Amino acid sequence: TNIPMRGRLCSSIMSTERTEISFEDCEPNQTYVREFSVWNRSEIQLAFSVDMSPRDEVLECWNYDTNDLIRDDDSIIVPAYDHRRVRVIFKPNNQLGERKI
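Owing to the predicted nature of the structure, the values given are computational and were not obtained by experimental measurement.

A. Highlighting the overall build of the protein. For the protein, the count of helices and strands is zero helices and seven strands. Within the protein, buried positions represent 24% of all 101 residues. Looking at the protein alone, contacts between residues at least 24 apart form 68% of all its contacts between residues at least 6 apart. Carbon and sulfur atoms make up 46% of the accessible area of the protein, which totals about 7,800 Å².

Below, the structure is given as structure tokens:
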């Protein structure tokens, strides 16, 4: 017996307006904030995560909409044709260096 079926595939497309976040001319023991959005351009929900290894108190990512700290094992769900905002908080100490997320 043959059962006719029809299916449709959609591409998973996520985008962000930034590929890099820069904190220039920062002073130790001050707090600096940058924000960016992750867009789901797909017909289905998608998830993303932020790798913050090694994790420390100097650099943190927060879900802007829920005000929850984003941990390494968190998956942020983005509904179809929607976006999520991420807040990056930088609190430099006396150490110098460069950090990428």
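The structure having been displayed, the exposition proceeds.
B. Just the pairing of strand β7 (residues 83–90), in detail. The sheet contact formed by strand β2 (residues 32–40) and β7 spans eight bridges and is antiparallel. Each residue of the ladder has a partner; that of Trp 39, found in β7, is His 83. In this structure, strand β4 (residues 59–63) lies alongside β7, joined through five bridges in antiparallel fashion. If you follow Cys 61 over to β7, its bridge partner there is Val 88.

C. Region of interest: the pattern of salt bridges. In this structure the tally under the stated criterion is three salt bridges. For Glu 35, the salt bridge goes to Arg 87, with nearest N and O atoms at 2.7 Å. Taken together, the residues span a long stretch of sequence, with Glu 35 in strand β2 and Arg 87 in strand β7 at a distance of 52 residues. For Glu 35, a relative accessible area of 28% gives the class partly exposed.

D. Just the packing of aromatic side chains, in detail. Counted under the stated rule, the structure contains one aromatic pair. Where Phe 23 meets Phe 90, the ring centres are 5.0 Å apart and the plane angle is 40°; that geometry is what we call tilted. Of the two residues, Phe 23 is situated in the loop between β1 (14–16) and β2 and Phe 90 in strand β7; the sequence distance between them amounts to 67 residues. The ring of Tyr 64 has Arg 85 lying over it, and the distance from NZ or CZ to the ring centre is 3.6 Å.

Calculation notes
- Residues numbered from 1 in each chain as written.
- Predicted model: local features only at pLDDT ≥ 70, side-chain atom pairs only at ≥ 80, totals over all residues.
- Heavy atoms only, no water.
- Helix = DSSP H or I, 4+ residues; strand = E, 2+ residues; numbered from the N terminus.
- Buried < 20%, exposed > 50% of the residue type's maximum accessible area, 1.4 Å probe, protein only.
- Contact = heavy atoms within 4.5 Å.
- Areas by Shrake-Rupley, 256 points an atom, 1.4 Å probe, with all protein chains shown as cover.
- Pairing = 2+ DSSP bridges.
- Salt bridge = Lys/Arg side-chain N within 4 Å of Asp/Glu carboxyl O.
- Phe/Tyr/Trp six-rings, centres within 6.5 Å; stacked < 30°, edge-to-face > 60°.
- Lys NZ or Arg CZ within 6 Å of the ring centre and 35° of its normal.

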